[in-house]
Amino acid sequence: EYAYGFLKKESGVFRLIRNSPFNAGDARHTSFAAISVMPEVSDEIEIKIDEKDLETTAQLSGGSGGQNVNKVASAIRMKHIPTGISVFVRNERDQLANRKIALKLIKSKLYEIELKKRQEEKDKLFNNMKDNAFGSQIRTLTMSPYQLVKDHRSNFETNSVDKVLDGDIFNLIKSNLK
């Protein structure tokens with residue numbers, strides 16, 4: 001319960017200092033990891049359109065064809081007033097079928113706009129993240145030559161590096177909530 005509320009402050013750059021297992025000289029090695037905590041959201045996008053937001057006009061379909069051409073107004077021009085999206089459909093012979101197609105087209109364009117808006121929100125979250133470099137970390141985990149975990153925002157320190165790496169981070173979270 002309240003997982004995102006507790007963990008959202010964990011977004012940032014983490015620094016890990018350890019002796020490298022790949023270095024014959026057992027030299028210290030520093031690694032950085034950028035962590036982003038985001039809430040889980042539904043991928044479903046429901047597009048609802050009020051009738052009052054639509055401006056629909058019927059027109060003659062025009063062109064070559066059968067006896068209905070230039071006599072029956074079967075073509076549909078539909079405009080979504082809030083966004084200015086406008087479509088013109090004359091694929092089918094009857095007005096009702098063309099209206100359904102026009103509404104589907106407007107919904108698909110509104111769906112694309114909503115997807116783009118969500119992607120921009122995600123991009124904004126990632127663009128606010130600092131570089132993976134020295135001086136930008138929110139927490140440092142030192143495993144060698146001594147054991148220390150330091151949160152640079154709250155100055156909370158603990159020498160239980162293994163516990164923190166195993167997920168025991170409640171004290172670190174609590175120190176940032178104060």
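Before any of the text, the structure's been laid out above.
So, here is what we can say about the structure in this document. Quantities reported herein were computed from a predicted structural model and do not represent experimental measurements.

Here we come to the overall build of the chain. Looking only at helices and strands, one finds 4 helices and 8 strands in the chain. When contacts within the chain are restricted to residue pairs at least 6 apart in sequence, those whose partners lie at least 24 apart make up 45%. Carbon and sulfur atoms make up 49% of the accessible area of the chain, which totals about 12600 Å².

On to the packing of aromatic side chains, then. Applying the stated criterion across every chain yields a total of 1 aromatic pair. Measuring from ring centre to ring centre gives 6.4 Å for Phe6 and Phe170, while their planes differ by 65 degrees; the resulting arrangement is edge-to-face. In this pair, Phe6 sits in helix α1 (residues 3–7) while Phe170 sits in helix α4 (residues 170–177), placing the two residues 164 residues apart along the sequence. Phe6 sits in the partly exposed class, given a relative accessible area of 33%.

This brings us to the pairing of strand β1 (residues 12–19). As defined by bridge partners, β1 adjoins strand β2 (residues 28–35) across 8 bridges and the pair is classed as antiparallel. Bridge pairing links Phe14 to Ala33 in β2. Summarising the sheet, β1 and strand β6 (residues 137–142) pair through 5 bridges and their orientation is parallel. Residue pairing for β6: Ile17 is matched across the bridge by Thr142.

What follows concerns the nonpolar core. Nonpolar side chains tend toward joint burial in soluble globular proteins. Of all hydrophobic cores here, the largest spans 10 residues; its members are Ile49, Leu54, Ile76, Met78, Ile85, Val87, Val89, Ala102, Ile106 and Leu110. The set of elements that each furnish at least two residues to this core consists of β4 (75–80), β5 (85–89) and α2 (95–127). Ignoring sequence-local partners within four residues, the contact set of Met78 consists of Leu54, Glu55, Thr56, Ile85, Ser86, Val87, Arg99, Ala102, Leu103 and Ile106. One finds Leu141, Val161, Val164 and Leu172 within the second-largest nonpolar core, a separate group that totals 7 residues.

Cut-offs used in this document
Residues numbered from 1 in each chain as written. Predicted model: local features only at pLDDT ≥ 70, side-chain atom pairs only at ≥ 80, totals over all residues. Heavy atoms only, no water. Helix = DSSP H or I, 4+ residues; strand = E, 2+ residues; numbered from the N terminus. Contact = heavy atoms within 4.5 Å. Areas by Shrake-Rupley, 256 points an atom, 1.4 Å probe, with all protein chains shown as cover. Phe/Tyr/Trp six-rings, centres within 6.5 Å; stacked < 30°, edge-to-face > 60°. Buried < 20%, exposed > 50% of the residue type's maximum accessible area, 1.4 Å probe, protein only. Pairing = 2+ DSSP bridges. Core = buried A, V, L, I, M, F, W, Y, C linked by side-chain atoms within 4.5 Å.

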